[in-house]
Amino acid sequence: RPKKELFLRQRVQAKLASVLFLQNKFGEALTLVDKLLVELKKLDDKQLLVETHLVESKIHHGLRNMPKSKAALTASRTCANAIYVAPGLQSSIDSMSGVLHCEEGDYNTAHSYFLEAFEQLDNLEADGKVEEGSALSCLKYMMLCKILDSLTKALKLSAQGGVGAKTDKAEVGISGIITSKQGVKFAGEDIDAMSAIADASSRRSLKEYEAVTEKYTHELQDDILIKHHLKFLHQQLLESNLIRIIEPYSCVEITHVANLIEMPLDAVEKKLSQMILDGKLNGILDQGKGQLIVYEEGEKDLAMEKGLQVIANMDNVVSSLFVRSHALRTTMA
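Conventions used here
Residues numbered from 1 in each chain as written. Predicted model: local features only at pLDDT ≥ 70, side-chain atom pairs only at ≥ 80, totals over all residues. Heavy atoms only, no water. Axes fitted to C-alpha atoms, helices over the stretch in contact; angles between N-to-C directions. Helix = DSSP H or I, 4+ residues; strand = E, 2+ residues; numbered from the N terminus. Parallel < 35°, antiparallel > 145°, perpendicular 65-115°, else oblique. Contact = heavy atoms within 4.5 Å. Nonpolar A, V, L, I, M, F, W, Y, C, P; charged D, E, K, R; others polar. Salt bridge = Lys/Arg side-chain N within 4 Å of Asp/Glu carboxyl O. Buried < 20%, exposed > 50% of the residue type's maximum accessible area, 1.4 Å probe, protein only. Pairing = 2+ DSSP bridges. Arc of directions from axis to C-beta. Polar contact = N/O pair within 3.5 Å; in protein donor to acceptor, adjacent residues only side chain to side chain. Phe/Tyr/Trp six-rings, centres within 6.5 Å; stacked < 30°, edge-to-face > 60°. Core = buried A, V, L, I, M, F, W, Y, C linked by side-chain atoms within 4.5 Å. pLDDT = per-residue confidence, 0-100. Expected span 1.5 Å × (residues − 1).

Put simply, helix α13 (residues 254–261) and helix α14 (residues 265–277) touch, their axes get as near as 9 Å, and they point 110 degrees apart. Considered as vectors, α13 and α14 are oriented roughly perpendicular to each other. From α13, I254, T255, V257, A258 and I261 reach across to α14, where they touch L265, V268, E269 and L272. The class makeup of the residues in the contact of α13 with α14 is seven nonpolar, one polar and one charged.

Have a look at this one:
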């Protein structure tokens, strides 16, 4: 009887940790999971270890601690390899793998994981074995990956925030992000929201993009992954548009840039100063005159670079000879 009560308590605690995670109480959930994992490792309860490590991975992702989230997911996968895992749980593991790959900027791999999870959940939903809406979340993630991948290739954006926005493309082709069968079956506000984001992103229209995020607040802001990447995408589109506007000028008034991009002057000035500090824009702000002075990108001095490399190699050679001569003196003495 005490053993049955122990298993029941651990199962309830694992469920409580999941509920706390859904309520965004990450600190409480993590404390509970850490205590629970110590007990489960002693009992070697593989099934509950898989589920608990998966919840731990989700919590660390919510806290934006990607290394620990990845380590927890690896632990969950290791335990899952030793036992039979139900399709519902396997789809959750695949979905979490897709989330972490998406965070790393590997959108193609992430899309593959989300597709795998989506197909499993779609079948389970048809049989009534999982709650409705599980497959829809994976479909939204698949659409997000397609949008980000298309923009990354077109604008040469990076997951770390680099900008290669010197492109003459006014629009970016984003097509085939969802099949007609999926669109008909899962038609609704969520799919409309992601499609609207794709349309705004393809036109590189910040005004339209902001209007979509305001209109579909519930559909776009309630999910951690979508919320984070839409914020990241907004910043990248803003930087891309600013560089495209500034590119023809060597000196331009900030008010003119603000008018063209249809944003408040303070916000534009703040963003330009941030881009200059981050090294994404080569120039200075003349706040007295309200102007942005842009410098031409100088060519790299290859002779200087090669000269420094030769000096560094010579330093290594001299250091090596000194060590050898010191060793010879020691043996002779």
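Next comes the rest of the account.
Summed over the entire model, instances satisfying the criterion amount to nine salt bridges. Among the salt bridges present, the one from E51 reaches R11, with a minimum N-O distance of 2.7 Å. In this pair, E51 is assigned in helix α3 (residues 46–62) and R11 in helix α1 (residues 2–22), connecting sequence segments 40 residues apart. Residue class for E51 comes out partly exposed when judged on its relative accessible area of 23%. The partly exposed category is assigned to R11, whose relative accessible area is 37%.

Moving on to the sheet that holds strand β3 (residues 291–294). Strand order in this open sheet of three strands is β1-β3-β2, and the pairing throughout is antiparallel. A strand with exactly one partner marks an edge of an open sheet, and here the two such strands are β1 (251–253) and β2 (283–286). Between one strand axis and the next, the sheet turns by 20 degrees as a mean value, whatever way the strands run. Contacts from α14 reach β2 and β3, with the element oriented near 145 degrees to β2.

Every buried residue of α13 is accounted for by I254, V257, A258 and I261. Taken down its axis, α13 places every buried residue within 100 degrees of arc, on the same side. Its buried side turned inward, α13 meets α10 (206–215), α12 (224–246), β1, α14, β2 and β3. Phi turns positive one or two residues past the end of α13, at E262, with a value near 60 degrees.

Attention now moves to the pairing of β2. The sheet contact formed by β2 and β3 spans four bridges and is antiparallel. Bridge pairing in β3 links L285 to L292. Where β2 folds back onto β3 in an antiparallel hairpin, the turn is made up of four residues, including G290, whose phi is positive at roughly 70 degrees.

Looking now at the environment of T74. Residue position: T74 is located in helix α4 (residues 66–81). Separated by 24 residues in sequence, T74 and V50 place their C-alpha atoms 9.9 Å apart. Within the structure, the side chain of T74 is placed 2.8 Å from the backbone oxygen of K70, a separation counted as a polar contact.

Summed over all chains, the structure comprises two aromatic pairs. Centroid distance F21 to F26: 5.8 Å. Interplanar angle 45 degrees. Geometry classified as tilted. The two residues F21 and F26 agree in class, both being buried. A ring pair is formed by F114 and Y141, whose centres lie 5.0 Å apart and whose planes are at 45 degrees; its orientation type is tilted. Of this pair, F114 sits in helix α6 (residues 107–127) while Y141 sits in helix α7 (residues 134–155), and the two are 27 residues apart along the sequence. As far as burial versus exposure is concerned, F114 and Y141 are alike and both buried.

By the secondary structure assignment, G88 is in helix α5 (residues 87–103). On the accessibility criterion, G88 (23% relative accessible area) is partly exposed. Each C-alpha atom, one on G88 and one on S134, is 9.8 Å from the other, the two residues being 46 residues apart in sequence.

Attention now goes to the nonpolar core. By size, the foremost hydrophobic cluster in this structure holds 82 residues, and its most contacted members are L220, L242 and V268. Ranked by residues supplied to this core, first place goes to α7 with twelve residues. Those residues in contact with V268, other than ones at most four positions away along the chain, are L242, I254, V257, A258, I261 and M263.

Predicted confidence across the chain gives a mean pLDDT of 83, with 89% of residues reaching 70 or more. Within the chain, α4 carries the highest mean pLDDT (93), whereas helix α8 (residues 180–185) carries the lowest (68). Taken together, the stretch residues 158–171 has pLDDT below 50 and engages in 40 contacts with residues farther than four places along the chain or on a different chain.

So, about helix α2 (residues 26–43). Counted at 1.5 Å a residue, the expected span for α2 with its 18 residues is 26 Å, and the 25 Å between its end C-alpha atoms agrees. Within the span of α2, buried status applies to F26, A29, L30, L32, V33, L36, L37 and L40. Trailing α2 by a residue or two, D44 shows a phi angle of about 60 degrees, which is positive.

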